[in-house]
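Survey of secondary and tertiary structure
Listed below, chain by chain, are the residues.
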Amino acid sequence: MSPSSKQQEAEDSEHNPQVVVTTTGATHSIRHDRSLWRDLTAYWILGLCNNYGYVVMLSAAHDIIAQFNDEPEVDDGAVAGTGRECHLVSTGAILLADVLPSLFVKILMPFFPFWVNVRIGIAVAFSAAGFLLVGFANAEWMALLGVIITSASSGIGETTFLAYSSRFNKNVISTWSSGTGGAGVIGSLSYATLRSLEVSPRDTMLIMLIFPAIEAVAFWLLLRRPQMLPVTTVESTEELISDDKPLVGFKEKMSYIKQLFKYMLPLCLVYFFEYFINQGLFELVYFENIFLDKASQYRWLNVDYQIGVFISRSSVNIFQLNKIWLMSVFQFINVVYFLTEVIWFYTPSIWIVFVIVLWEGLLGGGAYVNTFYRMSKEIPPGRQQFAMAMVVQSDSYGIALAGFLAIPVHNAICGLPAAVRSVVW
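A short tour of the structure in this document, coming up. (Residues numbered from 1 in each chain as written. Predicted model: local features only at pLDDT ≥ 70, side-chain atom pairs only at ≥ 80, totals over all residues. Heavy atoms only, no water.)

1. Things to note about the packing of helix H13 (residues 350-378) against helix H14 (residues 381-391)
Threshold: Axes here mean lines fitted to C-alpha atoms, for a helix over just the part in contact, with angles spanning 0 to 180 degrees between N-to-C directions. The secondary structure listing takes helices from DSSP runs of H or I that are at least 4 residues long and strands from runs of E that are at least 2 residues long, numbered from the N terminus. Convention used here: angles under 35 degrees read as roughly parallel, angles over 145 as roughly antiparallel, angles from 65 to 115 as roughly perpendicular, and any remaining angle as oblique. The sense of a crossing depends on the near helix, which, turned anticlockwise from the far helix by less than a right angle, makes the crossing left-handed and, turned clockwise, makes it right-handed. Contacts were defined at the residue level, with two residues in contact if any of their heavy atoms lie within 4.5 Å. Each residue is assigned to one of three groups, with Ala, Val, Leu, Ile, Met, Phe, Trp, Tyr, Cys and Pro labelled nonpolar, Asp, Glu, Lys and Arg labelled charged, and all others, Gly among them, labelled polar.
Between H13 and H14, whose axes approach to 10 Å, the crossing angle comes to 165 degrees. One element, H13, and the other, H14, form an angle in the roughly antiparallel class. Of the two possible hands of crossing, H13 and H14 adopt the one that is right-handed. Of H14, the residues touching H13 (which contributes Thr-371, Phe-372, Met-375 and Ser-376) are Gln-384, Ala-387, Met-388 and Val-391. Class assignment of the residues belonging to the contact of H13 with H14 gives a composition of 5 nonpolar, 3 polar and no charged.

Written out as structure tokens, the structure is:
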């Protein structure tokens, strides 16, 4: 090897201590990367900030929209003639308004140029605009537009950050997933806490503008710039085998999608079952004469779910499961339980429901983080960017389908005669 080649190799090593490109067909490990914490921390913060607005925006928007509704609220939520305390419009309708813009963005983004700084700039701007629109809304359409823009911001950020992760240590997938799980817990609790302190919805939105600012700082200041793709190298006289070549052109990308179905289908099913429960059945679970009223039961079941998601999305370095389809089977069993429970009210204690909801969250978060962690190990680095951006659509497909199905199923159950919980612990 010539002196100039050795010098170039040393420079590459300094920029990217994880991999060295050689002309001998070998990939060497380099000294410990002492600044790796910056990438891992940045991706945790990015996961938190990217999903934070998505978590809190909907309930906040509803608080603001309420001021545009002159009709008095109905205290008794029972459907006439059935005795069931539920409304004929489920939260599935709300879910669709919150997920469809994100899904639309996720479908388009893999086929656009990967101008990462432009994408993240748009995502941060949209996130801030969403908070401002909802905060200063003087008409219902402005509040709804804020929800839509925030959803789009989340979709842009998720596709871009996961695709960009292919240029970093694979453990950024773990910290990203943990951050997105943390967004559920921190988002739901922070909004509820501010509202319980009688902070107005408008002031709450202005306070939350700090999160787009933190996202910008984490991306442009804390996260290191990748100097080179961490690719496995070959002899200098060889060409990359076809499976390792980056995908070029629309046709080539479309033909590659079928190889990603083994990741996409199980993840889609897990989220379909999960959000069918959350948006069609959660609000129908009700225990009378306990320490929580109906509204509090629904709120704390959602917090319980978010805790499960956070735990499992943070667990991939401790426990990995490649058989994602197994999680979809378990999640389907949860659907059967909740569907029968809301029809017949046979569970004797709400604590049993809390345990099952925590398990539901563990499955959903586990499916997400294990899918992308597995991809980071199995897919050639040159194709990871496109693959990540495609597979991240899967959960949104499942969520959207759940929203469509949850509405008629929820309304059908509301029309059934009210059940009586005969056994109570």
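2. Description of the pattern of salt bridges
Spelled out, the test is: What makes a salt bridge here is a side-chain nitrogen of Lys or Arg within 4 Å of a carboxyl oxygen of Asp or Glu, nothing more. Partly exposed residues are those whose accessible area sits between 20% and 50% of the maximum for their type, while under 20% is buried and over 50% is exposed, using a 1.4 Å probe and protein chains only.
The tally for this structure, following the rule as stated, stands at 4 salt bridges. A salt bridge links Asp-395 to Lys-106; the nearest nitrogen and oxygen atoms lie 3.5 Å apart. Here the residue Asp-395 occupies a position in helix H15 (residues 393-414), and Lys-106 occupies one in helix H3 (residues 91-108), the gap between them amounting to 289 residues. In this pair, the class of Asp-395 matches that of Lys-106, namely buried. The salt bridge involving Arg-374 is made with Glu-378; its shortest N-O contact spans 2.9 Å. On the criterion of helical spacing, the pair formed by Arg-374 and Glu-378 is a turn pair, its members being 4 residues apart in helix H13. Since its relative accessible area comes to 16%, Arg-374 is described here as buried. Looking at Glu-378, the relative accessible area reads 39%, which means it is partly exposed. Residues joined in a network through salt bridges with shared partners are Lys-106, Glu-158 and Asp-395.

3. Notes on the packing of aromatic side chains
Short version of the rule: Side-chain rings of Phe, Tyr and Trp, where Trp is taken by its six-membered ring, are said to pair if the distance between their centres is within 6.5 Å; with planes under 30 degrees apart they count as stacked, over 60 as edge-to-face, and otherwise as tilted. Think of it as a cone above the ring: NZ of Lys or CZ of Arg counts as a charge over the ring if it is within 6 Å of the ring centre and within 35 degrees of the ring normal.
Following the criterion strictly, the structure yields 22 aromatic pairs and no others. Ring geometry for Tyr-43 versus Phe-161: centroids 6.3 Å apart, planes at 75 degrees, classification edge-to-face. Of this pair, Tyr-43 sits in helix H2 (residues 36-65) while Phe-161 sits in helix H5 (residues 140-164); the two residues are 118 residues apart in sequence, bridging distant segments of the chain. Tyr-43 sits in the buried class, given a relative accessible area of 0%. An angle of 70 degrees between the planes, with centres 6.0 Å apart, marks the rings of Phe-111 and Phe-386 as edge-to-face. Here Phe-386 lies in helix H14 and Phe-111 lies in the loop between H3 and helix H4 (116-135), a separation of 275 residues in the sequence. Judged by its relative accessible area of 30%, Phe-111 falls in the partly exposed class. Three or more aromatic residues joined by ring pairs form one cluster here, namely Tyr-43, Phe-114, Phe-161, Tyr-164, Phe-168, Trp-176, Phe-219 and Trp-220. The side chain of Arg-313 reaches across the aromatic face of Tyr-368, ending 3.7 Å from its centre.

4. Observations concerning H14
Three- or four-residue spacings in an α-helix give side chains the same orientation, since the helix completes a turn every 3.6 residues. With respect to burial, H14 is a largely interior element, 8 of its 11 residues being buried. Restricting attention to buried positions, one finds in H14 the residues Arg-383, Gln-384, Phe-386, Ala-387, Met-388, Ala-389, Met-390 and Val-391.

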